[in-house]
Amino acid sequence: MIAFAFGAFALIRIGGFEEQLRDFLRAELRTGGGYDERRTIQRYVAFSVIAVVGGLFMWELFRQSRGLRGRRNIALFAAFAALAMMVMLIGLRIVSLHQIDVLLYGPTKLNWFIDIGATLTVLASAALYIRLVSRRA
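The sections below set out a description of the structure shown in this document.

Cut-off values and rules
- Residues numbered from 1 in each chain as written.
- Predicted model: local features only at pLDDT ≥ 70, side-chain atom pairs only at ≥ 80, totals over all residues.
- Heavy atoms only, no water.
- Helix = DSSP H or I, 4+ residues; strand = E, 2+ residues; numbered from the N terminus.
- Buried < 20%, exposed > 50% of the residue type's maximum accessible area, 1.4 Å probe, protein only.
- Contact = heavy atoms within 4.5 Å.
- Lys, Arg positive; Asp, Glu negative; His and termini not counted.
- Charge placed at Lys NZ, Arg CZ, Asp CG, Glu CD.
- Phe/Tyr/Trp six-rings, centres within 6.5 Å; stacked < 30°, edge-to-face > 60°.
- Lys NZ or Arg CZ within 6 Å of the ring centre and 35° of its normal.
- Axes fitted to C-alpha atoms, helices over the stretch in contact; angles between N-to-C directions.
- Parallel < 35°, antiparallel > 145°, perpendicular 65-115°, else oblique.
- Left-handed = near helix turned anticlockwise from the far one by under 90°.

**Some points on the overall build of the protein chain**
Along the backbone of the protein chain there are six helices and zero strands. Mapped from its N terminus to its C terminus, the protein chain presents α and β elements in the order α-α-α-α-α-α. With respect to the three principal axes, the spread of C-alpha positions in the protein chain is 60 × 30 × 30 Å. The buried share among the 137 residues of the protein chain stands at 33%. Nonlocal contacts in the protein chain, meaning residues at least 24 apart in sequence, comprise 71% of its contacts between residues at least 6 apart. Of the charged side chains in the protein chain, 17 are positive and 9 negative, and the gap between their average positions amounts to 16 Å.

Following this line, the structure appears as structure tokens:
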């Protein structure tokens, strides 16, 4: 499921669907007359993205904390954490709030670090998971 999600993320990025969605949302705000107040809406949506995805991740961390034993389960949880980071990153890129964009696309290129880091985490977790499961077989 996580590999499928990352494949879908790649297709979304290659196809430019994030930009198309962002442009569509801007056009809707202009049409509805809410474009001048977009910062308020963007702040609310950005906070919601962070709160919902972060909250779900923290709930899953709490839920699994008692049973998170063994390298296979830790690898799976690391991949799940990377998936949560990517969902949050995509949500924040679509919202495109100036203050967050400065962090994501500014001199530190946080966007790249999160994107590449999450992808490499999933790749390493998958390799470890396959290695551990194939040993048992």
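Here the narrative resumes, following the displayed structure.
**Considering the packing of aromatic side chains**
Counted by the stated rule, this structure contains five aromatic pairs. On the basis of an interplanar angle of 45° and a centroid distance of 6.2 Å, the ring pair of Phe77 and Phe80 is categorised as tilted. Residue Phe77 and its partner Phe80 are located together in helix H4 (residues 71-95), separated by three residues, close to a single helical turn. Look at Phe77 and you get buried, because its relative accessible area is 11%. Pairwise contacts between aromatic rings join Phe57, Phe77 and Phe80 into one cluster. Taking NZ or CZ as reference, Lys109 lies 5.7 Å from the ring centre of Trp112, over its face.

**Things to note about the environment of Gln99**
Structurally, Gln99 is set in helix H5 (residues 98-105). Taking relative accessible area as the criterion, Gln99 reaches 41% and is therefore assigned partly exposed. With 91 residues separating them along the chain, Gln99 and Ala8 place their C-alpha atoms 27 Å apart.

**A few points about the packing of H4 against H5**
Closest axis-to-axis distance for the H4/H5 pair is 9 Å, and the angle between their directions is 125°. As the angle between them shows, H4 and H5 are arranged oblique. Handedness of the H4/H5 crossing: left-handed. On H5, the residues that touch Leu89, Leu92 and Arg93 of H4 are Ile100, Asp101, Leu104 and Tyr105.

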